[in-house]
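Residues per chain, in single letters:
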There are 2 protein chains.
Amino acid sequence: MNSKDKKIDSVVWGGTVITMDASLSVISDSVITISDGKIQNVFSQKSFNPPTGVESIDARGCLVMPGLINGHTHAGMTLLRGIADDLPLYDWLQKHIFPLERKLGNQEFVSLGTKLACLEMIRSGTTLFNDMYYFEEATAKTADEMGIRAICGQTYVEISGVEKASEVFQKFDSFFKEIQKYKLVTGALAPHSIYGLSEKLWKEMVAYAGQNDLMIHTHLCETKEEVERIKTERGVTPIEWFDSIGLWEKRTVCAHSIELSSSDISFLGERNVGIVYNPESNLKLGNGICPVVELREAGAAVSFGTDGTASNNNLDLFREVDFGTKVQAFKYGVGKLPARESVKMLTIEGAKALHLDHLVGSLEAGKSADLIVMDISSPHAVPIYDWYSYLVYSASQGDVRDTMVAGKVLMKNRQMLHCDEKQILDEARRWGIQIKELNSKLQNPR
Amino acid sequence: MNSKDKKIDSVVWGGTVITMDASLSVISDSVITISDGKIQNVFSQKSFNPPTGVESIDARGCLVMPGLINGHTHAGMTLLRGIADDLPLYDWLQKHIFPLERKLGNQEFVSLGTKLACLEMIRSGTTLFNDMYYFEEATAKTADEMGIRAICGQTYVEISGVEKASEVFQKFDSFFKEIQKYKLVTGALAPHSIYGLSEKLWKEMVAYAGQNDLMIHTHLCETKEEVERIKTERGVTPIEWFDSIGLWEKRTVCAHSIELSSSDISFLGERNVGIVYNPESNLKLGNGICPVVELREAGAAVSFGTDGTASNNNLDLFREVDFGTKVQAFKYGVGKLPARESVKMLTIEGAKALHLDHLVGSLEAGKSADLIVMDISSPHAVPIYDWYSYLVYSASQGDVRDTMVAGKVLMKNRQMLHCDEKQILDEARRWGIQIKELNSKLQNPR
């Protein structure tokens with residue numbers, strides 16, 4: 001049966017569609033037909049009358065675009081939002097985050113944190129997040145329940161003390177088996193960082209990824225100190241060391257990627273490596289600026305990411321793209337990363353960086369119906385001279401009116417349709433009170 | 001009559017008040033009594049029952065804080081939001097903004113642009129803006145109508161071609177006379193920049209400010225080129241040159257202030273100069289980063305500013321403070337401008353920079369009742385471990401529930417109470433269509 005003959009389940013009609021297809025088509029008076037969670041067709045038709053018996057989303061006067069892609073998150077730690085602000089990375093991680101995680105790290109903490117993260121992401125137009133944390137089975141289950149698409153990267157870090165190395169691969173086996181049932185979830189391997197695992201374990205991770213055809217998601221070159229330490233200890237840059245253990249032959253996504261030499265940049269650009277630019281976290285922690293313009297010129301696909309709420313402290317990609325685009329103008333000069341390119345990074349190029357561009361990132365026939373409807377009636381959206389400029393420099397999370405993933409409407413007119421938002425928020429506030437007390441005790445032991 | 005005996009007009013009660021007073025008091029179960037537009041008292045009282053016959057704002061579960069202060073705007077050009085993005089300052093100004101302003105510069109354009117700006121500012125929690133533009137009599141009238149507090153700086157720039165030098169002071173005379181009737185408006189003199197006026201005219205401006213006891217608002221050291229040109233032509237830095245003509249003896253507010261030497265910074269810190277940090281505009285135009293941490297250490301009062309919508313492209317101070325605080329962490333290291341300090345800059349220190357801290361900037365008895373009520377029930381506001389962290393790193397413009405200026409509620413439950421928002425937006429969209437055509441003609445003359 002031709003896909004055009006399939007029964008239409010829903011239509012999104014009347015809006016202006018920013019498709020983000022290869023020719024960046026913009027379609028006014030648009031109709032998007034959706035069947036079995038996939039886009040069947042996108043076309044222009046004035047005076048369209050939605051067929052009866054079909055879910056209809058009236059987007060007249062609105063902008064319709066692919067859902068935003070968050071390339072690097074730690075959704076499970078959202079309950080730690082802003083728990084230890086204005087501290088440098090090492091103190092923040094070693095004195096606050098790791099000790100709290102050792103106490104709190106369990107399924108319930110991760111599950112509730114992820115629910116909270118999903119609420120914020122769905123409300124701000126994100127339809128796919130690439131996650132890295134402990135207990136990702138809870139993240140996967142929660143993402144599936146909340147209806148949002150996720151790449152769940154089960155992490156491991158030897159230095160945190162949360163998990164034992166001997167049990168890692170056994171846990172991985174059961175994790176990847178368990179999450180197969182979640183349609184919206186892709187599993188990934190997320191060894192924390194070059195410094196977070198022994199050389200032996202890193203090699204085993206790469207081998208495991210090869211055996212199981214898994215994407216690897218890691219933190220790369222986040223600080224000068226990290227890079228200098230590797231160079232001193234191993235005589236090569238992190239990029240070169242990872243090359244020596246065969247990492248770059250796998251599908252890889254690297255967060256941060258700040259401290260790169262020119263040859264590192266050329267090397268990464270030529271390989272199938274996705275880069276995630278986390279400007280808010282990187283500047284908040286005082287770490288530096290990812291060389292996005294150079295990486296893209298070298299051929300790399302770059303995604304935006306918020307990082308976790310403990311170092312941002314929000315998951316709002318509209319804020320991230322505005323911030324990150326301006327920061328690149330500062331680093332490279334105005335016009336080197338124009339708004340249009342940043343919107344690519346939020347959508348189709350972000351999907352490519354995460355190796356999922358066959359599935360999402362643009363509104364085209366055959367792709368999953370992961371989209372958002374933007375209400376452009378607020379004062380900050382008037383006038384609009386260029387859609388991409390609006391999206392990057394003016395749009396606010398509150399402009400997202402509807403969010404759909406795989407054809408299912410998760411938020412309509414800013415109301416969450418399939419979860420009890422109040423209950424999640426109340427529970428998160430209760431946990432917040434306990435976490436505050438715990439952090440206080442950990443910082444001031446008797 | 002003691003102020004305590006005056007009739008109470010309204011109460012804002014039940015919220016947690018971030019006072020921003022000298023000891024940064026935070027008052028839970030708060031009651032703010034307001035009389036004649038001024039704060040009569042701020043105190044804590046559980047189980048408060050608002051008196052009858054008095055306007056009552058129930059802020060239970062909310063945060064109440066001083067209205068935000070925007071230290072540098074061009075409200076009148078808001079219809080040019082994003083008209084020429086991703087261009088360097090010179091091209092942006094000379095090829096797009098100045099030609100458009102020569103065609104469009106009139107009362108109607110400024111009045112409508114200001115209305116649109118006021119809508120966005122009131123919605124995002126701003127209660128005072130320090131403006132600089134042409135036709136500020138229209139800005140002043142509009143601010144008064146919209147109920148927002150403004151410092152209206154009538155500008156002059158010889159190079160733009162909008163106005164003739166011979167008519168400037170005559171126009172100033174009638175401007176300052178005309179705006180006296182607007183209770184919420186303070187007049188100021190706004191010579192555009194060191195390079196925008198002749199030496200003769202700059203000296204006349206300083207003399208005029210002295211004769212009329214006016215604050216001077218100007219653009220200072222925005223680019224390297226500007227500073228190098230002055231140094232080459234005049235043999236001194238802009239700071240030194242302004243000193244030679246007596247500018248620093250006046251109440252002065254300087255926007256941008258990026259390219260400053262160490263001695264410039266010490267010099268400014270010791271004088272009664274307000275500095276405005278416009279991080280989004282400064283990075284978007286690729287200009288650089290204001291040395292905020294050093295300026296504050298030297299003693300200067302620093303305000304946040306959005307600049308105009310043509311170089312931002314929004315007037316959202318919550319976005320600005322998040323951006324600007326992280327950019328300072330990048331420049332100086334984490335913790336050098338902690339969230340609490342940034343909130344000062346948004347409120348009491350911002351007021352000091354604008355020489356209005358006797359009137360606004362904190363919630364204390366005797367000050368004007370310029371305040372906002374923040375709804376903290378959205379996912380991005382959960383949990384909150386520190387109020388200042390929330391305000392800087394997580395809060396969004398949509399969290400502003402109510403906005404009050406001088407005791408008058410301008411927005412309640414996100415509804416504008418005293419203007420026809422739809423009419424303003426419709427008119428702004430119509431102008432937008434015409435401006436787009438005009439810009440296109442100016443860029444592609446036959």
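Residues numbered from 1 in each chain as written. Chains lettered and ligands numbered in written order. Predicted model: local features only at pLDDT ≥ 70, side-chain atom pairs only at ≥ 80, totals over all residues. Heavy atoms only, no water.

A few words now on the sheet that holds strand 18 (residues 408–412) of chain A. Residues and elements named next belong to chain A. One open sheet accounts for seven strands, arranged 3-2-7-16-17-18-19; its pairing is mixed. Looking at which strands have only one partner, the edges of the open sheet turn out to be strand 3 (26–27) and strand 19 (415–416). Sheet analysis places strand 2 (residues 16–18) next to strand 3, joined by two bridges and oriented antiparallel. Bridge pairing in strand 3 links Val17 to Ile27. (Pairing = 2+ DSSP bridges. Helix = DSSP H or I, 4+ residues; strand = E, 2+ residues; numbered from the N terminus.)

Mapped onto the elements of the fold, Gln397 of chain A is located in the loop between helix 14 (387–394) and strand 17 (400–405). With residues near it in sequence (within four places) discarded, Gln397 of chain A still touches Arg123, Ser124, Asp316, Phe318 and Arg414 of chain A together with His380 and Ser396 of chain B. (Contact = heavy atoms within 4.5 Å.)

As a further point, take the layout of surface pockets. Summary: where empty space remains is shown by rolling a probe the size of a single water molecule over the atoms. Looking at the largest pocket, its volume works out to about 830 Å³. Lining the largest pocket are 31 residues, with Gly398, Asp399 and Arg414 of chain A together with Gly398 and Arg414 of chain B sitting closest to its centre. Among the secondary structure elements, those contributing two or more residues to the lining of the largest pocket are strand 17 (400–405) and helix 15 (421–443) of chain B. Grouping the amino acids of the lining of the largest pocket by side-chain chemistry returns four nonpolar, 15 polar and 12 charged. (1 Å grid on protein atoms, 1.4 Å probe; cavity = no way out; pocket = protein on both sides within 12 Å on 5 of 7 lines; lining within 4 Å. Points joined across faces, edges and corners; volume = space filled by probe spheres on them. Nonpolar A, V, L, I, M, F, W, Y, C, P; charged D, E, K, R; others polar.)

Summary statistics for chain A give a mean pLDDT of 95 and a share of 97% for residues scoring 70 or more. For this predicted complex, the interface score ipTM comes out at 0.96, alongside a pTM of 0.97. (pLDDT = per-residue confidence, 0-100.)

Glancing now at the relation of the copies chain A and chain B. By a simple turn and slide, chain A fits onto chain B: the slide is 0.0 Å along the axis, the RMSD is 0.0 Å, and the turn is 180 degrees. On this basis, the relationship between the two copies can be described by a two-fold rotation axis. When the interface residues of chain A are mapped onto chain B, 100% of them again lie at the interface, so the same face is used by both copies. (Least-squares fit on C-alpha atoms with pLDDT ≥ 70 in both.)

On to the state of the cysteines. Two cysteines, two sulfur atoms, one covalent bond between them: this is a disulfide. Tallying each qualifying case throughout the model produces zero disulfides over all chains. Here Cys221 of chain A stays unpaired: no disulfide links it, and the sulfur of Cys254 of chain A, its closest cysteine neighbor, is 8.2 Å away. (Disulfide = S-S within 2.5 Å.)

Before going further, it helps to examine the packing of aromatic side chains. Geometry of an aromatic ring pair is reported as the spacing of the ring centres plus the angle between the planes. Within this structure, the stated rule accounts for 28 aromatic pairs over all chains. Geometrically, the ring pair formed by Trp202 of chain A and Phe242 of chain A is edge-to-face, given 4.7 Å between the ring centres and 70 degrees between the ring planes. Separated by 40 residues along the polypeptide, Trp202 of chain A in helix 5 (residues 199–212) and Phe242 of chain A in helix 7 (residues 238–244) bring together distant segments of the chain. By relative accessible area, which is 0% here, Phe242 of chain A ends up buried. An aromatic cluster of three or more residues is present, and its members are Phe169, Phe172, Phe175, Phe176 and Tyr208 of chain A. Here Lys326 of chain A stacks its cationic end above the ring of Phe323 of chain B, 6.0 Å away from the centre of that ring. Positioned above the aromatic ring of Trp241 of chain B is the side chain of Arg234 of chain B, whose terminal nitrogen or guanidinium carbon lies 4.3 Å from the ring centre. (Phe/Tyr/Trp six-rings, centres within 6.5 Å; stacked < 30°, edge-to-face > 60°. Buried < 20%, exposed > 50% of the residue type's maximum accessible area, 1.4 Å probe, protein only. Lys NZ or Arg CZ within 6 Å of the ring centre and 35° of its normal.)

Our focus in this paragraph is the side chain of Glu421 of chain A. Structurally, Glu421 of chain A is set in helix 15 (residues 421–443). Those residues within four positions of Glu421 of chain A in sequence are excluded, and the remaining contacts are Leu119, Arg123 and Met416 of chain A together with Pro379 of chain B.

With that settled, the discussion passes to the interface of chain A and chain B. Each partner contributes to the interface: chain A provides 57 residues, whereas chain B provides 57 residues. Of the roughly 4,700 Å² buried at the junction of chain A and chain B (both faces included), carbon and sulfur atoms supply 59%. Considering only the side of chain A, the residues that lose the most area to chain B are Arg319, Pro379 and Tyr385 of chain A, jointly responsible for 18% of the buried surface there. Linking chain A with chain B are four salt bridges, by the criterion used here. Between Glu280 of chain B and Lys326 of chain A there is a salt bridge; the shortest N-O distance is 2.5 Å. Across the chain A-chain B interface, the total number found is 32 residue pairs in polar contact (both at pLDDT 80 or more). Elements with a contribution of two residues or more to the side of chain A that touches chain B: helix 2 (107–123), helix 9 (279–284), helix 11 (317–332), helix 14 and helix 15 of chain A. When residues in the side of chain A that touches chain B are grouped by element, the largest group, eight residues, is from helix 11 of chain A. Its residues assigned to classes, the side of chain A that touches chain B comprises 29 nonpolar, 15 polar and 13 charged. (Buried area = accessible area lost by both parts, 1.4 Å probe. Salt bridge = Lys/Arg side-chain N within 4 Å of Asp/Glu carboxyl O. Polar contact = N/O pair within 3.5 Å; in protein donor to acceptor, adjacent residues only side chain to side chain.)

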